[in-house]
Amino acid sequence: MPVVGHRRPAYAPEMRQHDLLVLGTGSGNMVVDDSFTDLDVAIVEQHRFGGTCLNVGCIPTKMLAHTAEVADTVRGAGRFDVDAQLERVRWADVRDRVFGRLDPIAEDGRKGRQDTPWITVYTGHARFTGPRTLDIDGVAVRADRIVLAAGARPLVPPPVAESGLPYETSETIMGIDTPPRRLAVLGGGYIAAELAHVLHSAGSEIVMIDKVERLLGPQDETVAAEFTELARERYDLRLGRELTELSGEPGALRLAFDDGSTTTADMLLVAVGRIPNSDRLDLDAAGVQTHDDGRIVVDAHQRTSADGVWALGDICSPVQLKHVANREAEVVRHNLRHPEDLTSAGHDLVPSAVFTQPQIAGVGATEQELRERGTPYRVGTARYSDVAYGWAMEDPPGFCKILADPGSGALLGAHLLGPQAATLIQPLVLAMTLDIDAATLLKRPYWIHPALTEVVKEALGALAED
Ligand SMILES: Cc1cc2nc3c(=O)[nH]c(=O)nc-3n(C[C@H](O)[C@H](O)[C@H](O)COP(=O)(O)OP(=O)(O)OC[C@H]3O[C@@H](n4cnc5c(N)ncnc54)[C@H](O)[C@@H]3O)c2cc1C
């Protein structure tokens, strides 16, 4: 373990002392830039550098999702009078290409930090032993200021954890050697949906299980309903039921549900949510408070309840997304350097996307949220089949749905399901962030004809007619 702590007197002879310590190298690693060269900085990581997004999250899933799209394009070529046949998806080669590219980035990240003279890298599991004092696998470390960026991990429900049988999570399934013949996916959120899409395209039969009746429940109700119906055409959906027992043997699993039904699978993927890693940090010793769901309590400036301790990303955020964690890391970086001029991230207009087939994206309120809040709204919807590029694509399923204030035309929410949804949402994100109303967004900019963005333009037009 390399050590640099050379500038300050130690609190106890055996205690290492730093000006700043960052715990976790996902988004936490972004906090430290060259504006910190005047400090003695420590970075702690127990696994691979780069955290979830780089190693087992956003990036590998999207690289796999794109490969799935390539395979599905070949499968669907006949619709365009193109004769083509998919021979097979060489899963092991796909996996090795993806991780062969990402693993060196993680290693370079670690090496870059280790080679920086004013940074000490600790490899190990950190937990608090007192205020701003940590144990890192037997090494006692103290820092004047600490940033907690320890992320979250997959939640494993008791029937699976207690079964003693093997299961996969998002942290392991991308490393498997061969796609299973039949994969049971427990969970109906975005991680479950993306990984089901990837494995289905690679040749697995999918049975998808969720305790609610609709996949992607938190999405706008129209999006969730249409996505569920499209998924039903490809997957064996078991919705509205909970897993009560996992039995059988490795490779021949039996899943029993609370309605008495059962199914079988040769592999199980558990994707029912992620819990913050706060329970593994002994936060009580540091005086850092948490919410009931395990998230660290932070104020608008990312300060925890303990003096000098900050937090960012999945361990504290109400929205577990990388662009949110990145923004919070920028906020912490600024606030550490400018305590007299604190900034905030704000979470009111966070867009999100699901990289499935079809893609999904949303920003702002859903229709059900507006209804529940009693907020008046108008709806404008256009389908991909309404616009010329949609005709070029032979009318793919999907739509753009925009919600706006009936009086002012202020945009309240926007939701897309269909090709390139994650890209098409961006003009709507900009408009909402910059307070551009629906009529101005429709009429002021030119909209390229006949680009797919016309589905957004048509939805804005439909809003005007509602
Ligand atoms: C399959 C999947 C797909 C995703 N896709 C997307 C997407 O498309 N878009 C998007 O915006 N978000 C996506 N996310 C979410 C995104 O990955 C996270 O929101 C983001 O990575 C969180 O960053 P973080 O810095 O808070 O935590 P992490 O990146 O998880 O970093 C935490 C780090 O802390 C380390 N650590 C934890 N505890 C300790 C300890 N006690 N001692 C030492 N080290 C410790 C961990 O090893 C880890 O490296 C996805 C997540 C998953 C799982």
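Criteria and cut-off values
- Residues numbered from 1 in each chain as written.
- Predicted model: local features only at pLDDT ≥ 70, side-chain atom pairs only at ≥ 80, totals over all residues.
- Heavy atoms only, no water.
- Helix = DSSP H or I, 4+ residues; strand = E, 2+ residues; numbered from the N terminus.
- Rg over C-alpha atoms; globule rule 2.2 N^0.38 Å.
- Contact = heavy atoms within 4.5 Å.
- Areas by Shrake-Rupley, 256 points an atom, 1.4 Å probe, with all protein chains shown as cover.
- Lys, Arg positive; Asp, Glu negative; His and termini not counted.
- Charge placed at Lys NZ, Arg CZ, Asp CG, Glu CD.
- Near = heavy atom within 4 Å.
- Polar contact = N/O pair within 3.5 Å; in protein donor to acceptor, adjacent residues only side chain to side chain.
- Nonpolar A, V, L, I, M, F, W, Y, C, P; charged D, E, K, R; others polar.
- Pairing = 2+ DSSP bridges.
- Axes fitted to C-alpha atoms, helices over the stretch in contact; angles between N-to-C directions.
- Core = buried A, V, L, I, M, F, W, Y, C linked by side-chain atoms within 4.5 Å.
- Buried < 20%, exposed > 50% of the residue type's maximum accessible area, 1.4 Å probe, protein only.
- Salt bridge = Lys/Arg side-chain N within 4 Å of Asp/Glu carboxyl O.
- Phe/Tyr/Trp six-rings, centres within 6.5 Å; stacked < 30°, edge-to-face > 60°.
- Lys NZ or Arg CZ within 6 Å of the ring centre and 35° of its normal.
- Parallel < 35°, antiparallel > 145°, perpendicular 65-115°, else oblique.
- Left-handed = near helix turned anticlockwise from the far one by under 90°.

**Q** Just to check I follow, could you spell out the overall build of the protein chain for this structure?
**A** Along its length, the protein chain carries 13 helices and 21 strands. The C-alpha atoms of the protein chain give a radius of gyration of 24 Å, which matches the 23 Å a tight globule of 466 residues would have. When its C-alpha atoms are laid out on the principal axes, the protein chain stretches across 75 × 60 × 40 Å. Excluding contacts between residues fewer than 6 apart, the proportion of contacts in the protein chain whose partners are at least 24 apart in sequence is 63%. Just so you have it, the protein chain exposes about 21200 Å², and 50% of that area is on carbon and sulfur atoms. In the protein chain, 45 side chains carry a positive charge and 67 a negative one; their mean positions are 3 Å apart.

**Q** Explanation requested: the site of the ligand in the structure shown.
**A** In the vicinity of the ligand lie 36 residues, with Ser-27, Glu-45, Thr-52, Lys-62 and Asp-314 positioned nearest. The contact in question runs from an oxygen atom of the ligand to an N or O atom on the side chain of Glu-45, over 2.5 Å. Here an oxygen atom of the ligand sits 2.8 Å away from a polar atom, N or O, in the main chain of Lys-322. Protein contacts shield 96% of the accessible area of the ligand, which totals 1000 Å² for the unbound molecule. Breaking the shell around the ligand down by element, the ones donating at least two residues are α1 (51-56), α2 (58-75), α5 (190-201) and α7 (322-337). It is α1 that contributes the most residues to the shell around the ligand, four residues altogether. The residue makeup of the shell around the ligand, split by class, is 12 nonpolar, 18 polar and six charged.

**Q** Mind showing me how you'd approach the pairing of strand β4 (residues 126-130) here?
**A** Bridging between β4 and strand β5 (residues 133-136) involves four bridges; their strand directions are antiparallel. Bridging across to β5, Gly-130 finds its partner in Thr-133. Turn length for the β4-β5 hairpin, with the two strands adjacent in sequence and antiparallel, is two residues, and the turn residue Arg-132 shows positive phi of about 55°.

**Q** Would you mind going over the sheet that holds strand β18 (residues 360-364) with me for this structure?
**A** To summarise the sheet geometry, strands pair through backbone hydrogen bonds and adopt either a parallel or an antiparallel arrangement. Strand order in the open sheet formed by five strands is β17-β18-β21-β20-β19, with antiparallel pairing between adjacent strands. Each having just a single partner strand, β17 (352-354) and β19 (378-383) make up the two edges of the open sheet. The sheet shows a mean angle of 10° between the axes of neighbouring strands, taken without regard to direction. In terms of strand pairing, β17 meets β18 through three bridges, oriented antiparallel. Residue pairing for β18: Ser-352 is matched across the bridge by Gly-362. Running over the sheet, helix α11 (residues 426-433) touches β18, β20 (399-404) and β21 (411-417) and is turned about 170° from β21.

**Q** It is not clear to me how the nonpolar core should be interpreted in this structure. Could you clarify?
**A** A general trend in soluble globular proteins is that nonpolar side chains are found buried together. Residues Ile-173, Leu-183, Val-185, Leu-199, Ile-206, Met-208 and Phe-227 are the most contacted members of the largest nonpolar core, which totals 40 residues. In contact with Val-185, not counting residues within four places along its chain, are Ala-192, Ala-196, Ile-206, Val-207, Met-208, Ile-209 and Leu-269. In this structure, Ala-404, Ala-431, Leu-442 and Ala-459 belong to the second largest nonpolar core, which totals 28 residues.

**Q** For this particular structure, what's the right way to read the sheet that holds strand β13 (residues 262-265)?
**A** The strand order β11-β12-β13 describes an open sheet built from three strands, whose pairing is antiparallel. Lying at the two open borders of the sheet, with one neighbouring strand each, are β11 (243-249) and β13. On average, each strand axis in the sheet is inclined to that of its neighbour by 20°, with strand direction left out of account. Pairing geometry for β11 and strand β12 (residues 252-257), over six bridges, is antiparallel. The residue bridging Glu-249 from the neighbouring strand is Ala-252, located in β12.

**Q** Before we go on, may I ask you to explain the pattern of salt bridges in this structure?
**A** In a structure, side chains of opposite charge can pair up when their charged atoms sit close to one another. With the rule as written, the count across this model stands at 26 salt bridges. Across the pair Asp-279 and Arg-153 runs a salt bridge whose closest N-O atoms are separated by 2.7 Å. Placement of Asp-279 in the loop between β15 (274-276) and β16 (309-311) and of Arg-153 in strand β7 (residues 152-154) is noted, with a sequence separation of 126 residues between them. Owing to a relative accessible area of 49%, Asp-279 belongs among the partly exposed residues under this scheme. Look at Arg-153 and you get buried, because its relative accessible area is 14%. Close ionic contact of Arg-327 with Glu-330 constitutes a salt bridge, the shortest N to O distance being 3.9 Å. Residue Arg-327 and its partner Glu-330 are located together in helix α7, separated by three residues, close to a single helical turn. Via salt bridges that share partners, Arg-181, Arg-182, Glu-205, Asp-236 and Arg-238 belong to a single interconnected network.

**Q** Is there a simple way to think about the packing of aromatic side chains in this case?
**A** The description of an aromatic ring pair uses the distance of the two centres, along with the angle that the planes make with each other. In this structure the tally under the stated criterion is zero aromatic pairs. Taking the ring centre of Phe-36 as reference, the NZ or CZ of Arg-337 above it sits at 4.8 Å.

**Q** I would appreciate a short explanation of the side chain of Asn-55 in the present structure.
**A** When you line up the elements, Asn-55 lands in helix α1. A distance of 3.2 Å separates the side chain of Asn-55 from the side chain of Arg-48, its partner in a polar contact. Within the local environment of Asn-55, its side chain forms a polar contact with the backbone oxygen of Phe-49, the two atoms lying 2.9 Å apart. Apart from residues lying up to four places away in sequence, Asn-55 is in contact with Arg-48, Phe-49, Gly-50, Pro-60, Phe-99 and Ala-106.

**Q** What should I look at first to understand the packing of α2 against α5 in this one?
**A** The packing of two helices is summarised by the inter-axis angle and the distance between the axes. At a minimum axis distance of 9 Å, the contact between α2 and α5 shows a crossing angle of 45°. Taken together, α2 and α5 sit at an angle that is classed as oblique. α2 and α5 meet at a crossing whose hand is left-handed. Of the residues in α5, those touching α2 at Thr-61, Lys-62, Leu-64, Ala-65, Ala-68, Ala-71, Asp-72 and Arg-75 are Glu-194, Leu-195, His-197, Val-198 and Ser-201.

**Q** Help me out: how do you make sense of unusual backbone geometry in this one?
**A** Backbone phi values are negative for most residues with the exception of glycine, while trans is the configuration of most peptide bonds. Cis geometry marks the peptide bond from Gln-357 to Pro-358, where omega comes out at 0°. As for its position among the elements, Pro-358 is in the loop between β17 and β18. Looking along the chain, the bond that leaves His-449 and enters Pro-450 is cis, with omega of 0°. Inspection of the secondary structure assignment puts Pro-450 in the loop between α12 (438-443) and α13 (454-465). Unusually for a residue other than glycine, Asp-81 sits at a positive phi of about 60°. Of note in this structure, Asp-137 is not a glycine but carries a positive phi near 45°. Judged by its relative accessible area of 53%, Asp-137 falls in the exposed class.

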